[in-house]
Amino acid sequence: MSVKGVNNYQWADDTYNQCFISNTGFTQLLAKEPYMISASEYQKACKRLSIIHDFQDRCISLFRKALSENNDVLLHWLLNETPVSFGKEYHRNLKSHHYTKPVFFRTDEMSMGKIAEIQCPGSLWGEMELMYQKYHRLGYPVGDISPALELTRQLRDYLGAEPIVHYLIDNASIPIGIRYFIQQTRPHIRYWGIDKDVLAFKNTKEDDKEIAVCNFVRTHSFFGLCGENYFNSRLNKEPLNFKYDFPPYVLFDQKATLVLPFWNKTRDYFTNEIRDIIIYSAPICGDTIQIEDGSEISIEEFSELSQSKRDYYLKYAGSDVSINWGSRSVQRLKKDSAPICLKKLKQCVSDYKRGKIWMIQKAISEKNQVTYTERSGEEKAEYLNTKYSFFYGPFDLIGAVTTHSRKNIVHGQPDSIVNLIVSRG
């Protein structure tokens, strides 16, 4: 089928729908051509993986230190609204091998190299693969290895074995894209509940009957992982035989970690190299706020700042899964009058005392021109707000996309335009 003009969307819809019988189709808009960046920019994105891994390692070390020393201030921030059953004692009882880094994850960058969020594994994997297939068909220089095949290669190397994956897709924000990506990795990856040859038990011992054959579990949510039928049994499996994509602790299922490199209570645990790649973020946990220049001012003084100096996003930073994804509970304080801004910040301080945590993050935005085709067939070119998303595996960059939107908070909406990032070199 042609992938030109309006048929582009027919092809995209059919490609998604035929994987697992569905009528959802592709839910966003497609750019006309790849988003080209220089070879040096692409290499910088590749090198960011080691810095992100360093950030994650330091977060884990700090969290475990807080648990062992019962640091109430830090634990109040990092455990926040986590239920007691998965609170301090649960995390203290985990073994060292449970505290691995997220294996596959996505960064959201509001300007290239400035990270606003890191999600494991995050959405848009299917959209990235679809865009790769589209441009590959049209002859663009997108390389010979698709994102799905690159993930397969890295997962096999990470496990040191043929992957048998249980993927909990019920908590993905756009399940149809994840279903398509799963299909693109088969048969190189076999999946529990999809591939018939893995519907068997490892052995017949009575205490192992409940543990399905599987050496890797993927999920989009810590709490989704904890609610999985085999969770307790898999938690006790030997680390050589079984690994997690999203590790079984709450630390990285929230934005709370983003403030740690800047917060005066934790800043010394992190390097300037880490601070250089994360957008300035600060917690709201009292009557003063630490702003980007390092000074601390009262929330009243912050509210009275000029709009240009008050250009921060107010973001929910905690673990409540109903509001910590998809740009929910994100507001731009610059747009508020001083009294409204102060009212919001006072509510955040009140929330903090009850374990509901908020942070401010410096507002960074970038506009770029994108040419795309409407579903009607009309071609348009517009300057739109741009978000860069880079997808990483345990060893290397897997791929990248841009999302373009008229809204300041760029997220996957029906009028968002998705594009594949391609290196010129």
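Residue positions are counted from 1 within each chain, in the order its sequence is given. Where totals are concerned, whole chains, interfaces and linings use all residues; where local detail is concerned, this predicted model gives features only for residues with pLDDT of at least 70, and gives and counts side-chain atom pairs only at 80 or more. Excluded from the side-chain calculations are hydrogens and water; all other atoms, namely the structure's heavy atoms, are used.

S.K.: Any chance you could explain the overall build of the chain here in plain terms?
M.R.: Each helix corresponds to a stretch of at least 4 residues labelled H or I by DSSP, and each strand to a stretch of at least 2 residues labelled E; elements are numbered beginning at the N terminus. Counting secondary structure elements, the chain contains twelve helices and 18 strands. Throughout, the radius of gyration refers to the C-alpha atoms, and the reference size of a globule is 2.2 Å times the residue count to the power 0.38. Taken over C-alpha atoms, the radius of gyration comes to 22 Å for the chain, in line with the 22 Å a tight globule of 425 residues would show. C-alpha extents for the chain along the principal axes are approximately 60 × 60 × 40 Å. Looking at the 425 residues of the chain, the share that counts as buried comes to 57%. By definition, residues are in contact when any of their heavy atoms lie within 4.5 Å. Residue pairs in contact within the chain that sit at least 24 positions apart in sequence constitute 67% of those at least 6 positions apart. Of the accessible surface of the chain, which amounts to about 18300 Å², a share of 48% is contributed by carbon and sulfur atoms. One finds the centroid of the 54 positive side-chain charges in the chain at a distance of 1 Å from the centroid of its 51 negative side-chain charges. Relative accessibility thresholds used throughout: buried, under 20% of the residue-type maximum; exposed, over 50%; partly exposed, between the two (1.4 Å probe, protein chains only). Surface accessibility in these figures is a Shrake-Rupley result with a 1.4 Å probe; residues are shielded only by whichever protein chains are displayed. We score Asp and Glu as negative and Lys and Arg as positive, and we do not count His or the chain ends. Charged side chains are reduced to one point each, which is NZ for Lys, CZ for Arg, CG for Asp and CD for Glu.

S.K.: In this structure, what is going on with the sheet that holds strand β13 (residues 330-332)? I would like to understand it.
M.R.: Backbone-to-backbone hydrogen bonds join strands into a sheet, with any given pair of strands oriented parallel or antiparallel. Taken together, four strands build an open sheet; the order of strands is β9-β14-β12-β13 and the sheet is antiparallel. On the outer flanks of this sheet lie β9 (281-284) and β13, each paired with one strand and no other. Ignoring which end each strand starts from, the neighbouring axes of this sheet average 25° apart. In this analysis an axis means a line fitted to C-alpha atoms, helices contributing only their contacting stretch, and an angle means the value between N-to-C directions, from 0 to 180 degrees. Packing against the sheet, helix α12 (residues 338-353) makes contact with β9, β12 (312-316), β13 and β14 (358-362), and its axis sits at approximately 70° to β9. When DSSP finds at least two bridges between two strands, those strands are taken to pair.

S.K.: I'm lost on the packing of helix α5 (residues 125-137) against helix α7 (residues 175-185) in this one. Help?
M.R.: Relative orientation and spacing of two packed helices are given, respectively, by the angle between their axes and the distance between those axes. Axis separation between α5 and α7 bottoms out at 7 Å; the angle between their running directions is 60°. In terms of their interaxial angle, α5 and α7 are classed as oblique. Once α5 is placed against α7, the crossing between them reads as left-handed. Touching Trp125, Gly126, Glu127, Glu129, Leu130 and Gln133 of α5 are Gly177, Tyr180, Phe181 and Gln184, all from α7. For classification, angles of less than 35 degrees are called roughly parallel, those exceeding 145 degrees roughly antiparallel, those between 65 and 115 degrees roughly perpendicular, and all remaining angles oblique. Two helices crossing with the near one rotated counterclockwise from the far one by less than a right angle form a left-handed crossing, whereas a clockwise rotation gives a right-handed crossing.

S.K.: Just to check I follow, could you spell out the packing of helix α1 (residues 7-17) against α5 for this structure?
M.R.: Viewed as axis vectors pointing N to C, α1 and α5 meet at an angle of 130°, and their least axial separation amounts to 11 Å. The orientation of α1 with respect to α5, classified from their angle, is oblique. Crossing geometry of α1 relative to α5 is assigned as right-handed. Between α1 and α5, the residues in contact are Asn8, Trp11, Ala12, Thr15 and Tyr16 and Gly126, Glu127, Leu130, Gln133, Lys134 and Arg137, respectively. Residue polarity is assigned by list, with Asp, Glu, Lys and Arg as charged and Ala, Val, Leu, Ile, Met, Phe, Trp, Tyr, Cys and Pro as nonpolar; anything else, Gly included, falls into the polar class. Of the residues contributing to the contact of α1 with α5, the split by class is four nonpolar, four polar and three charged.

S.K.: Can you help me understand the sheet that holds strand β8 (residues 243-244) in this one?
M.R.: As summarised here, the arrangement of the four strands in space is β6-β5-β7-β8, forming an open sheet in which the pairing is parallel. Sheet topology places β6 (190-191) and β8 at the edges, where each strand pairs with a single neighbour. Pairing of strand β7 (residues 216-219) with β8 involves two bridges; the strand directions are parallel. Counterpart to Val217 in the pairing with β8 is Tyr244.

S.K.: Help me understand the layout of surface pockets, please; the structure alone is not making it clear to me.
M.R.: Leftover empty space is mapped by rolling, across the atoms, a probe with the size of a water molecule. Using protein atoms alone on a 1 Å grid, points that fit a 1.4 Å probe yet trap it form a cavity, whereas open point sets bounded by protein on both sides within 12 Å along at least five of seven lines form a pocket; residues with an atom within 4 Å of a point count as lining. Grid points are joined across faces, edges and corners, and a volume is the space filled by probe spheres set on the points. The calculated volume of the second largest pocket comes to roughly 390 Å³. Taken together, 20 residues line the second largest pocket, and the ones lying closest to its centre are Tyr42, Val142, Gly143, Ile145 and Ile398. When residues of the lining of the second largest pocket are traced back to their parent elements, those giving at least two are α6 (147-159), β17 (397-405) and β18 (417-423). Here the lining of the second largest pocket is built from residues that sort into twelve nonpolar, five polar and three charged.

S.K.: Is there a simple way to explain the pattern of salt bridges in this structure?
M.R.: Side chains that carry opposite charge are capable of pairing whenever their charged atoms lie near each other. Salt bridges are counted wherever a side-chain nitrogen of Lys or Arg sits within 4 Å of a carboxyl oxygen of Asp or Glu. A complete count under the given rule lists 26 salt bridges for this structure. The salt bridge partner of Lys380 is Glu374, with a shortest N-O separation of 3.1 Å. A residue is classified by how much of its surface remains accessible, and Lys380, at 27% relative accessible area, is partly exposed. Each of the salt bridges in this network shares a partner with another, and the network as a whole consists of Arg106, Asp108 and Lys387.

S.K.: Honestly, the packing of aromatic side chains in this entry has me stumped. Any pointers?
M.R.: Given two aromatic rings, one states the distance between the centres and the angle between the planes to describe the pair. Only the six-membered ring of Trp is used, alongside the rings of Phe and Tyr, when aromatic pairs are assigned; centres must lie within 6.5 Å, and planes under 30 degrees apart are stacked while those over 60 apart are edge-to-face, with the rest tilted. Across all of its chains, the model carries 24 aromatic pairs by this definition. Between Phe242 and Tyr244, the aromatic rings sit 5.0 Å apart at their centres with planes inclined by 85°, giving edge-to-face as the arrangement. Exposure class is identical for Phe242 and Tyr244. Each is buried. Aromatic ring contacts, followed pair by pair, group Phe104, Trp125, Tyr158, Phe181, Phe216 and Phe391 into a single cluster. As a reminder, the over-ring test applies to NZ of lysine and CZ of arginine, requiring each to be within 6 Å of the ring centre and within 35 degrees of the ring normal. The aromatic ring of Phe390 is capped on one face by Arg48, whose charged end is 5.2 Å from the ring centroid. Just above the ring of Tyr158 sits the side chain of Lys243; from NZ or CZ to the centre is 5.8 Å.

S.K.: How should I be thinking about the nonpolar core in this particular structure?
M.R.: A general trend in soluble globular proteins is that nonpolar side chains are found buried together. Take the buried residues of types Ala, Val, Leu, Ile, Met, Phe, Trp, Tyr and Cys, join any two whose side-chain atoms come within 4.5 Å, and each joined set is a nonpolar core. The biggest cluster of nonpolar side chains holds 83 residues, and the ones touching the most others in it are Trp77, Leu260, Phe302, Leu345 and Ile360. When residues of this core are assigned to their parent elements, the largest contribution, 13 residues, is made by helix α2 (residues 39-69). When residues no more than four places from it in sequence are discounted, the contact partners of Leu345 are Ile284, Ile289, Ile299, Phe302, Ser303, Leu314 and Leu333. Counting 47 residues, the second-largest nonpolar core is a separate cluster that includes Leu130, Leu155, Tyr180 and Tyr372.

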